[in-house]
Amino acid sequence: MERFRGKVAVVTGGGGGIGAAVSRRLAREGAAVVAADMSAPALQSVVADIVAAGGAAEAAIIDLRDESASRLMIEGILARHQRIDVLVNNAGIFRGGNLLSLSEDDWRLSFSVNLDAIFHLCRAVLPGMIERRAGAIVNISSQWALSPAPNSIAYNVTKAAVASFTQNLARDYAPDGIRVNAVCPGEIHTPMLEEGLKRAGRTVEQLNRLVPFGRIGTSEEVAALVAFLASNEAPFMCGSLVEITGAQAVA
Ligand SMILES: NC(=O)c1ccc[n+]([C@@H]2O[C@H](COP(=O)([O-])OP(=O)(O)OC[C@H]3O[C@@H](n4cnc5c(N)ncnc54)[C@H](O)[C@@H]3O)[C@@H](O)[C@H]2O)c1
């Protein structure tokens, strides 16, 4: 499939589990991918893999909490490529805790990475998309946005905000030809999930048993959905929150 031939895609959190899979998938389908992440070694190895496989990718090492760095990154991409067709807002963090146990710093950090970074990137990317009357934005929310898991208030609230942000952007810019959708994954096997399991003293096998489908999901399965939503195969999908969970309900 060459659904992204000639297109330019920006993927945040491109060094992490889902972001790396999305970057690889879009590049394999012909996109020139700019993968952005604050973790330089992980990002560089993803980009090197893509290039070694004959794809086009570049690394942007950036802390997305820094608004002016985000703006400069987008300006640089537009100067080099003249367009951004696809923006995948995937970078995110998890800080656990309930209202009383969570620190105020973790509350603010969660908003800064999970929500504010998306706000700033969309503001930087949208004018060019509007001018060309085309563009697709896919935000990575979470199943926990719709059905909150316990002891995860900062994460759940920021992801619910990402879901609402997605629907708002879709309503406001659909008339300009821009499609904005969100993916709401359940449990997906990534470094973030591994960290969570370690903290809880649980195993992947235990988690597998909680999913009606018999196992947790893979980053590649999420990447396939992101690619579909970002592609011209989904022309009427706009403002959708698409769950990908293996039929798991939040425990
Ligand atoms: N893994 C899951 O089960 C799951 C479920 C639902 C939603 N999600 C969401 O999917 C997205 C990707 O998660 P993942 O599981 O691949 O996690 P991950 O930890 O493997 O990857 C996240 C990436 O984001 C980057 N990042 C974090 N803060 C950043 C910042 N300030 N600036 C730049 N980069 C930053 C990290 O360096 C990392 O490479 C996240 O938004 C997460 O909330 C994951």
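As the structure is a prediction and not an experimental result, all values here were calculated from the model.

Calculation notes
- Residues numbered from 1 in each chain as written.
- Predicted model: local features only at pLDDT ≥ 70, side-chain atom pairs only at ≥ 80, totals over all residues.
- Heavy atoms only, no water.
- Salt bridge = Lys/Arg side-chain N within 4 Å of Asp/Glu carboxyl O.
- Buried < 20%, exposed > 50% of the residue type's maximum accessible area, 1.4 Å probe, protein only.
- Helix = DSSP H or I, 4+ residues; strand = E, 2+ residues; numbered from the N terminus.
- Pairing = 2+ DSSP bridges.
- Axes fitted to C-alpha atoms, helices over the stretch in contact; angles between N-to-C directions.
- Contact = heavy atoms within 4.5 Å.

A. Region of the structure containing the pattern of salt bridges. Here the structure, examined in full by the defined rule, presents twelve salt bridges. Its salt-bridge partner being E2, residue R5 comes within 2.5 Å of it at the nearest N-O pair. We classify E2 as partly exposed; its relative accessible area is 45%. R95 is paired through a salt bridge with D106; the nearest N and O atoms lie 3.5 Å apart. Here the residue R95 occupies a position in the loop between β4 (86–89) and α4 (104–132), and D106 occupies one in helix α4, the gap between them amounting to eleven residues. Overall, the relative accessible area of 30% leaves R95 in the partly exposed class. Taken together, the shared-partner salt bridges connect R3, R25, E29 and E233 into one network.

B. The arrangement of the sheet that holds strand β5 (residues 135–140) in detail. Strand order in the open sheet formed by seven strands is β3-β2-β1-β4-β5-β6-β7, with parallel pairing between adjacent strands. Both edges of this open sheet fall to β3 (56–61) and β7 (241–244), since each of them pairs with a single strand only. Taking the axes of each pair of neighbouring strands and ignoring which way they run, one obtains an average angle of 20 degrees across the sheet. Pairing of β4 with β5, which is carried by four bridges, proceeds in the parallel orientation. Bridge pairing in β5 places V88 opposite V138. Along the sheet face, helix α3 (residues 67–81) touches β1 (8–12), β2 (32–37) and β3 and points at about 160 degrees away from the line of β1.

C. Fine view of unusual backbone geometry. The backbone of Q82 shows a phi angle near 65 degrees, a positive value even though the residue is not glycine. When you line up the elements, Q82 lands in the loop between α3 and β4. Look at Q82 and you get exposed, because its relative accessible area is 59%. You will see that R133, though not glycine, has its phi angle at about 55 degrees, which is positive. With respect to the helices and strands, the residue R133 is situated in the loop between α4 and β5.

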